[in-house]
Amino acid sequence: MAKQKRQKFSEIKAGLDDAESLIRKMDLEARSLQPNVKAVLLAKLREYKSDLNNLKSEHKRLASANSNQAARDDLLESGMADAMSVSANQRGRLMMSTERLNDLLHGVDDNISKSKKILTNMSRRMSRNKWIISSIIVVLVVAIALILYFKLSK
């Protein structure tokens, strides 16, 4: 029984660590978005951080109750069920938000690829135009030199 409880505590700790990591990643991604989307996402992230901190403090409180086995059992039966449902709900919301952010990130990657192709094409056109203009200038200079040579030689 105690082994199962320790295993559950470690599973919850791992879940809380995963949730914290996801929140950090979402925070970084949200900060790089447009201001109108960024404000909404950061507000949600503050809510998620608050919920996660509440879950962490509940986890610590439950973990420190090792000295009183009866109180610990009561907390595990009632509090952990609530914490697990809240954790599952939060995890679901975090995963959904992460999926949306990943979709948005893929869209941004596609736009960056398109922009890179456009810039590459523009660079090629600039180089080609420079060569054309240089060639025209050389031809004109040669033509002027020939005209001057034939005019002055007669």
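Going by the structure above, here's the rest.
Numbers given for residues are sequential positions, taken from 1 along each chain in its written order. With pLDDT at 70 or above as the cut-off, local features in this predicted model cover only qualifying residues; side-chain atom pairs require 80 or more to be listed or tallied, and sums for whole chains, interfaces and linings still use all residues. Side-chain calculation: all heavy atoms of the structure are included, whereas hydrogens and water are not.

Caption draft 1: Highlighting the overall build of the protein chain. Helix and strand assignments follow DSSP, with helices taken as H or I runs no shorter than four residues and strands as E runs no shorter than two, numbered in order from the N terminus. Secondary structure assignment for the protein chain yields three helices and zero strands. Its helices and strands taken in sequence order, the protein chain reads α-α-α from the N to the C terminus. Accessible area is worked out with a 1.4 Å probe on protein chains only. A residue is then buried under 20% of its type maximum, exposed over 50%, and partly exposed in between. Per-residue burial for the protein chain yields a buried fraction of 21% across its 154 residues. Of the contacts made within the protein chain by residues no fewer than 6 positions apart, 72% connect residues no fewer than 24 positions apart. Computed with the Shrake-Rupley method and a 1.4 Å probe, the accessible areas treat only the protein chains shown as cover for residues. Summing over all exposed atoms, the protein chain offers an accessible surface of approximately 11700 Å²; the carbon and sulfur share of this is 61%. Residues count as neighbours in contact if any of their non-hydrogen atoms are within 4.5 Å of one another.

Caption draft 2: Fine view of the pattern of salt bridges. Take a side-chain nitrogen of Lys or Arg and a carboxyl oxygen of Asp or Glu: if they are within 4 Å of each other, that pair is a salt bridge. Counted by the stated rule, this structure contains eight salt bridges. Measuring nitrogen to oxygen at the nearest pair gives 2.7 Å for the salt bridge that ties R31 to D27. Placement of the pair is R31 and D27 together in helix 1 (residues 2-31), with a separation of four residues, close to one helical turn. With a relative accessible area of 11%, D27 lands in the buried category. Here R93 and E47 are joined by a salt bridge, their closest N and O atoms 2.9 Å apart. On the criterion of sequence distance, the pair formed by R93 in helix 3 (residues 69-153) and E47 in helix 2 (residues 35-63) is long-range, its members being 46 residues apart. The exposure class assigned to E47 is partly exposed, which follows from its relative accessible area of 40%. Each of E20, R24 and K56 takes part in one network of salt bridges that share partners.

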